[in-house]
Every structure is written in structure tokens, then in C-alpha cells.
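# Analysis of the macromolecular model
Each chain is listed here by its residues.
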Amino acid sequence: MTKFATFAAALALTASSALAGGYVAPVVEVEPVVVDAGQPATSNAGLVVPALLLLGVIAAVASDDDDSD
């Protein structure tokens, strides 16, 4: 019986050292995203307005009927 108790004590001591510590969640370092607010996003609004005005002028010229024969 003493051999069994010695074996159980040795097993208990080795098992406790295997479980020492605990779960530690990994720490992930995230670099912050840098947004350059000095430059606005590119847009074609500078081309859309003159194009619409040009289409309006072309439509006005095309609809002008001067048939005064």
C-alpha cells in the first residue's frame, strides 16, 4: 500500500506542475490607421457641371426652329 501511496503522491506532484499557470489570451498589437485629411477624395464633380451646361446649350440650339419663310 505504501508503494501505491508513493506512486499517487508522485503522480499528483507531476500533474500539478503540468497545470501550473493558466490560459493567457494572446495580445495582438494593432497599428492605428492614419488618414490624411489634408487632401479631399477625388471627384469628377468639376467635370459633371460643365458637361451638363454644355448639353443644355446644345439642346437649346437644336430646339431653336426659325422657320420664318
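Attention here is on the structure that accompanies the text.

### Some details on the overall build of the protein chain
- Each helix and strand counted, the protein chain has two helices and zero strands in total.
- Considering the protein chain as a whole, with its 69 residues, one finds that 0% of them fall into the buried category.
- For the protein chain, the exposed surface amounts to about 6900 Å²; the carbon and sulfur share of it is 67%.

### A word on a nonpolar patch on the surface
- On the surface, a nonpolar cluster with roughly 490 Å² of combined accessible area is contributed by V48, L52, L54, L55 and I58.
- By the secondary structure assignment, L55 is in helix α2 (residues 45-63).
- We classify L55 as exposed; its relative accessible area is 54%.

Rules used throughout
- Going along each chain's sequence as written, the residues are numbered from 1 onward.
- Side-chain atom pairs in this predicted model are given and counted only at pLDDT of 80 or more, local residue features only at pLDDT of at least 70, and totals for whole chains, interfaces and linings cover all residues.
- Hydrogens and water molecules were not included; the side-chain quantities draw on all heavy atoms of the structure.
- What counts as a helix is a DSSP run of H or I of at least four residues, what counts as a strand is a run of E of at least two, and both are numbered from the N terminus.
- In this scheme, a residue with accessible area under 20% of its type's maximum is buried, one over 50% is exposed, and one in between is partly exposed, where area comes from a 1.4 Å probe on protein chains only.
- Note on areas: these come from Shrake-Rupley sampling with a 1.4 Å probe, and a residue is covered only by the protein chains present in the view.
- Patch membership needs two things, relative accessible area over 30% and no salt bridge, and members are linked within 9 Å if like-charged or within 5 Å if nonpolar (Val, Leu, Ile, Met, Phe, Trp, Tyr).
- Here a salt bridge means any side-chain nitrogen of Lys or Arg lying within 4 Å of a carboxyl oxygen belonging to Asp or Glu.

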